[in-house]
Amino acid sequence: MKKLNRICISIISICMLILVIFITFDILCHSMPFFDKIWEKSGTFDALNIDKSELEKVIKHTIDYLNNKNDSLQIQVTLRDGSVIDFYQKFPFQYSGKDVDELAHMADCKPLFMGFRELALISLILIVLLSYPIIRNRKMINKKDINVIYYTYGAIFVIIGILLLLIATNFTKAFEIFHHIFFSKSNTSWEYPYNSRMIIMLPETIFYDFSFYMLLSILIFIIVVVVSTILIKRKLNKRVDN
């Protein structure tokens, strides 16, 4: 029974972390002030000759598409000169033998979004299911059971440290590695020319900030859990003394 408790605690700890990452990611995806701040700093509105309301319409439509709320990604926008265009482009050339197609690349990104959402849902279900035996046997929980949380988050803390080091030293290289891992088998290139509207709308800065805020949320969560664990251990010590 003690071994079961420790396994459940370890799995729940990991699942809770996945939920924290997903919630942070989802909040940022739907935060227009987050995008507006980066767009203004990067001069995106002038570069695309578009007003803020039109670009916000594009990013909202894009996020809905990636979350499987829209079947079609293409969207028309009105530029500052009054012309109406299709926002996403397909270029008449290839990079490394692969098509340079913004619509196709976003279609490749969609399974990642859906997979992340499904992983978060599975994590939530596991937390609910595995919490039952722990709650049922809560009087049997001891300090060794609580130490599992330290070991789990200690390992995660090391991984976060490595990721932070990669981001701090060379985020561009880390971003390239990410694309090689998830898009190397795609028939569509993930490299785009400087005038790609998709790239201008989603500069590397946005993904840097995404990574920063997600890692920050993980660190805050770990600190809260560790402090809570210390308090629980003190309570257990008092129970043993009594």
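Since the structure is predicted, the reported quantities are computational estimates derived from the model, not experimental observations.

### Some words on helix α2 (residues 32–42)
Link 1 in the chain: Burial in α2 covers these residues: M32, F34, F35, D36, I38 and W39.
Link 2 in the chain: Downstream of α2 by a residue or two, G43 has a phi angle that is positive, lying close to 70 degrees.

### With respect to the packing of α2 against helix α4 (residues 52–66)
Link 1 in the chain: Direction vectors running N to C along α2 and α4 enclose 125 degrees, while the axes themselves pass 11 Å from each other. Judged by the inter-axis angle, α2 sits oblique to α4. Relative to α4, the crossing made by α2 is right-handed. Residues M32, F35, D36 and W39 of α2 form the contact with α4, whose participating residues are K52, L55, E56, I59 and K60.
Link 2 in the chain: Split by residue class, the contact of α2 with α4 holds five nonpolar, no polar and four charged.

### A word on α4
Think of an α-helix as 3.6 residues a turn; residues three or four steps apart then line up on the same face.
Link 1 in the chain: Taking 1.5 Å as the rise per residue, α4 with 15 residues should run 21 Å; its terminal C-alpha atoms sit 21 Å apart, in good agreement.
Link 2 in the chain: Inspection of α4 places E54, L55, E56, V58, I59, H61, T62, I63, Y65 and L66 among the buried residues, and these make up the whole buried set.
Link 3 in the chain: Positioned one or two residues after α4, N68 has a phi angle of 65 degrees, which is positive.

### Side note on the packing of aromatic side chains
Ring pairs (aromatic) are described by centroid distance and by the angle formed between their planes.
Link 1 in the chain: Within the structure shown, the criterion is met by 19 aromatic pairs.
Link 2 in the chain: Here the aromatic rings of F171 and F175 are separated by 5.7 Å at their centres, their planes lie at 15 degrees, and the arrangement is stacked. You can see F171 and its partner F175 sitting in helix α6 (residues 143–183), four residues apart, about one turn around the helix. The residues F171 and F175 share a single accessibility class, namely buried.
Link 3 in the chain: Aromatic side chains F178 and F182 sit 4.8 Å apart centroid to centroid with 50 degrees between the ring planes, which places their arrangement in the tilted category. Separated by four residues within a single helix, F178 and F182 lie in helix α6, roughly one turn from each other.
Link 4 in the chain: With a relative accessible area of 35%, F178 lands in the partly exposed category.
Link 5 in the chain: A connected cluster of aromatic rings, assembled from ring pairs, spans F22, F25, F34, F35, W39, F45, F113, F116, F210, F212 and Y213.

### Thoughts on empty space enclosed by the protein
Link 1 in the chain: A complete count under the given rule lists one cavity of 30 Å³ or more for this structure.
Link 2 in the chain: Here the largest cavity is characterised by a volume of approximately 40 Å³.
Link 3 in the chain: In terms of lining, the largest cavity is formed by F22, F25, D26, C29, N67, F113, F116 and R117.
Link 4 in the chain: For the lining of the largest cavity, the secondary structure elements donating two or more residues are α1 (2–29) and α5 (102–136).
Link 5 in the chain: In terms of residues, the lining of the largest cavity owes the most to one element, α1, which gives four residues.
Link 6 in the chain: Taken together, the residues that form the lining of the largest cavity break down as five nonpolar, one polar and two charged.

### Observations regarding the nonpolar core
Link 1 in the chain: Counting residues in each nonpolar core, the largest one holds 37 residues, and the members touching the most others are F35, L55, F87, M201 and F210.
Link 2 in the chain: Put simply, the parts of the chain that give this core at least two residues each are α1, α2, α3 (44–48), α4, α5, α7 (197–201) and α8 (204–241).
Link 3 in the chain: For this core, the element with the most residues is α4, which contributes six residues.
Link 4 in the chain: If near-sequence neighbours (up to four positions away) are discounted, F35 is found in contact with L28, C29, I59, L202, I206 and F210.
Link 5 in the chain: L130, I156, I218 and F221 belong to the second largest nonpolar core, which has 25 residues in total.

### Concerning the layout of surface pockets
The gaps of empty space that remain are located by a probe, the size of a water molecule, rolled over the atoms.
Link 1 in the chain: Taken as a whole, the largest pocket spans an internal volume of roughly 1,700 Å³.
Link 2 in the chain: Lining the largest pocket are 50 residues, and of these F175, F178, F207, S211 and M214 lie nearest its centre.
Link 3 in the chain: Among the elements of the structure, α1, α4, α5, α6, α7 and α8 are those that each provide at least two residues to the lining of the largest pocket.
Link 4 in the chain: Within the lining of the largest pocket, the residues separate by chemical class into 42 nonpolar, five polar and three charged.

The rules behind each value
- Residues numbered from 1 in each chain as written.
- Predicted model: local features only at pLDDT ≥ 70, side-chain atom pairs only at ≥ 80, totals over all residues.
- Heavy atoms only, no water.
- Buried < 20%, exposed > 50% of the residue type's maximum accessible area, 1.4 Å probe, protein only.
- Helix = DSSP H or I, 4+ residues; strand = E, 2+ residues; numbered from the N terminus.
- Axes fitted to C-alpha atoms, helices over the stretch in contact; angles between N-to-C directions.
- Parallel < 35°, antiparallel > 145°, perpendicular 65-115°, else oblique.
- Left-handed = near helix turned anticlockwise from the far one by under 90°.
- Contact = heavy atoms within 4.5 Å.
- Nonpolar A, V, L, I, M, F, W, Y, C, P; charged D, E, K, R; others polar.
- Expected span 1.5 Å × (residues − 1).
- Phe/Tyr/Trp six-rings, centres within 6.5 Å; stacked < 30°, edge-to-face > 60°.
- 1 Å grid on protein atoms, 1.4 Å probe; cavity = no way out; pocket = protein on both sides within 12 Å on 5 of 7 lines; lining within 4 Å.
- Points joined across faces, edges and corners; volume = space filled by probe spheres on them.
- Core = buried A, V, L, I, M, F, W, Y, C linked by side-chain atoms within 4.5 Å.

Just distances and angles here, no functional claims.
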